[in-house]
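# Structure at a glance
Listed below, chain by chain, are the residues.
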Amino acid sequence: MRFICLVIFIMYLYSCSGTKDKISSDTINSLQFVDSAVFEVGFFFMPTFSAEYFDLESQQDLLFFADPKTHKQLKFFHRDGSLHTTVDLKNAVVSLPEPVLDIEVISLDSIVLFTSNGNLVAINRKGEVWKQFNIIQKLGLHLDEEKSYKILSSVMHSRGMIDRKDIILYLSTSLKKKFEEHSDWIIANKANKWNSEQFIRIIDLVSDTPNYQLGGKLLRAISPKDSNIMVIDIFNTYNVYDNLVYITHMFSDKLFIMDANNMEIVKSKIIQSDYTTFGAPLYFSKNKIENKEAYSKASKGIKEKGKLSGIFYNESKKHYYITGGFDKDTQYFGKWLLMIYDQEFNKLKEYIFDPKEWLGRIFPTENGFTLQKRITTQDIADQKMVLYEFTY
């Protein structure tokens, strides 16, 4: 039955696409269809549990998908959809005191799973645990009784890896104490976040004695110190390429670039779209924000701007892919877009996609990138995934 449904679904896709060489629709313009591949994933996975991975051992470009919650498996696939390796995550999941937040693959024998509370475990391809510690405790941050610390996941899976041995993680700092005056806590917490480092570099994780480095004051770069802007630090995406960390934030219209060597943000680039404007910081005034109801009302301001959601790098084409969504007041509300930039961050192209047709998740390829059709049949979505490759 599942096979019949899959065949019908693929026939439907081709009936919508026209010819194999050219895809024509309201949301895809000037893209050339290259090929498609079926992946027998066998489980549902979140975007943070899927990523591209180049295996140095076999010199092969792979994709991995993971389900640490139910099936407790991580599967590596070749780009043509054939299975490469399956890794059992049971030992790793059992050893962690809370749910897995994200997964980073250094190598097939250095697969790292971490949680929001900073717990980290590394396993090999056999699923055997060979390292485990708490990164927040290693940094000594747990000694501060007035603050709480959380590791946050990138909205899209981050490739936070440097030289196959270092990992970049995003750190959130908040005040534990809630002031009686809600607006006072907002202002104090804003000042606290503004002065806090947001990134951790775990140096030489695979060694017996890894080192640690804090840096990257992202919220300081987004929000001026003397402003009444409170930026929420949970909606960001970052990727690492050539020792530079490229960061987008839901509440900013800029791409931030951090030097991983000194962990400082060295430059930024305003991202512009032909269809919307980005950046939706929340503005608070002590005289106006008096209670949680007012705070909630002000929070709705995040819907009034477009939002950047991800950045990817195509090493073959030397192009950056930046994704984002539209604000509610445009005719394109509900759509998502893909902007293509060259190495000097000159915008080359911009494409609009309908999420009813295409999911907002891409994988760079030698020819361009892959897209995934939105599948409404849960029976198919839980078992197989089809990626469609396009060039431009």
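What comes next is a walk through the structure. (Residues numbered from 1 in each chain as written. Predicted model: local features only at pLDDT ≥ 70, side-chain atom pairs only at ≥ 80, totals over all residues. Heavy atoms only, no water.)

## Focus on the environment of D253
The criterion, for reference: Strands here are runs of E lasting at least two residues and helices are runs of H or I lasting at least four, both read from the DSSP assignment and numbered beginning at the N terminus. Whether a residue is buried, partly exposed or exposed follows from its accessible area with a 1.4 Å probe, protein chains only, as a fraction of its type maximum: under 20%, in between, or over 50%, in that order. The contact definition used throughout considers only heavy atoms, calling two residues in contact when any of these lie within 4.5 Å.
Mapped onto the elements of the fold, D253 is located in the loop between β17 (244–249) and β18 (254–259). Judged by its relative accessible area of 25%, D253 falls in the partly exposed class. Remark: the alpha-carbon pair of D253 and I222, spanning 31 residues in sequence, is separated by 9.1 Å. Discounting residues that sit within four places of it in the chain, D253 has contacts with K269, I270, I271, F278, G279 and L308.

## Observations concerning the packing of aromatic side chains
The test is simple: Centres within 6.5 Å make a pair out of two Phe, Tyr or Trp rings, where for Trp the six-membered ring is used; the pair is then stacked when the planes are under 30 degrees apart, edge-to-face when over 60, and tilted otherwise.
According to the stated counting rule, one finds 25 aromatic pairs in the structure shown. Look at F65 and F363: their rings are 6.3 Å apart centre to centre, the planes differ by 85°, and that puts the pair in the edge-to-face class. On the criterion of sequence distance, the pair formed by F65 in strand β3 (residues 60–67) and F363 in strand β25 (residues 363–364) is long-range, its members being 298 residues apart. Each member of the pair F65 and F363 is classed as buried. Here Y320 and F345 contribute two aromatic rings whose centre-to-centre distance is 4.5 Å and whose plane-to-plane angle is 20°, an arrangement assigned as stacked. Within this pair, whereas Y320 is found in strand β22 (residues 319–325), its partner F345 is found in the loop between β23 (336–341) and β24 (347–353), the two being separated by 25 residues in sequence. Of the residues examined, Y320 reaches a relative accessible area of 6% and is grouped as buried. Three or more aromatic residues link up through ring pairs in this structure, and these residues are Y241, Y246, Y313, Y320, Y341 and F345.

## Some details on the sheet that holds β3
Applicable threshold: Paired strands are those between which DSSP finds at least two bridges. A fitted line through C-alpha atoms represents every axis, and for helices the fit uses only the stretch in contact; the resulting angles, taken between N-to-C directions, go from 0 to 180 degrees.
Strand order in the open sheet formed by four strands is β2-β3-β4-β5, and the pairing between neighbours is antiparallel. Only two strands of the sheet have a single partner each, and these edge strands are β2 (50–55) and β5 (83–88). With direction set aside, neighbouring strand axes in the sheet form an average angle of 25°. Looking at chain direction, β3 and strand β4 (residues 73–78) are connected through six bridges and run antiparallel. If you follow D67 over to β4, its bridge partner there is Q73.

## Topic: the sheet that holds strand β7 (residues 110–114)
Sheet architecture is open: four strands sit in the order β6-β7-β8-β9, paired in antiparallel fashion. Sheet topology places β6 (102–107) and β9 (129–134) at the edges, where each strand pairs with a single neighbour. Here the strands of the sheet are splayed against their neighbours by 15° on average, with no regard to which way each runs. Sheet topology places β7 next to strand β8 (residues 119–123); four bridges connect them, and they run antiparallel. Bridging from a neighbouring strand, I111 pairs with I123 of β8.

## Section: the pattern of salt bridges
It is possible for side chains bearing opposite charge to pair when their charged atoms get close. Heads up, the rule is: Salt bridges are defined as contacts in which a side-chain nitrogen from Lys or Arg sits within 4 Å of a carboxyl oxygen from Asp or Glu.
On inspection of all chains with the given rule, the structure shows eleven salt bridges. Across the pair R79 and D61 runs a salt bridge whose closest N-O atoms are separated by 3.2 Å. Here R79, found in the loop between β4 and β5, pairs with D61, found in strand β3; they are 18 residues apart in sequence, far enough to count as distant. Overall, the relative accessible area of 23% leaves R79 in the partly exposed class. Here D88 and K90 are joined by a salt bridge, their closest N and O atoms 3.6 Å apart. What you see here is one network of salt bridges that share partners, running through E52, D61 and R79.

## Considerations on the pairing of strand β19 (residues 264–270)
By the bridge criterion, six bridges tie β18 to β19 in an arrangement that is antiparallel. Note on β19: the bridge partner recorded for F256 is S268. From the end of β18 to the start of β19, which pair antiparallel, there are four residues, and M263 there has a positive phi angle of about 55°.

## Concerning unusual backbone geometry
Not every positive phi belongs to a glycine, and N243 is a case in point at roughly 65°. Considering the arrangement of structural elements, one finds N243 in the loop between β16 (236–241) and β17. Located in the positive-phi region is F345, a residue other than glycine, with phi close to 60°. Classification of F345 as buried rests on a relative accessible area of 9%.

## Quick look at the pairing of β17
The buried fraction of β17 amounts to five of the six residues, a majority that puts the element mostly inside the structure. Note: β16 against β17, six bridges, orientation antiparallel. For T237, the partnering residue across the bridge sits in β17 and is T248. The loop that links β16 with its antiparallel partner β17 comprises two residues; one of these, D242, has a positive phi angle of about 55°. In sequence, β17 turns back onto β18 through a hairpin of four residues.

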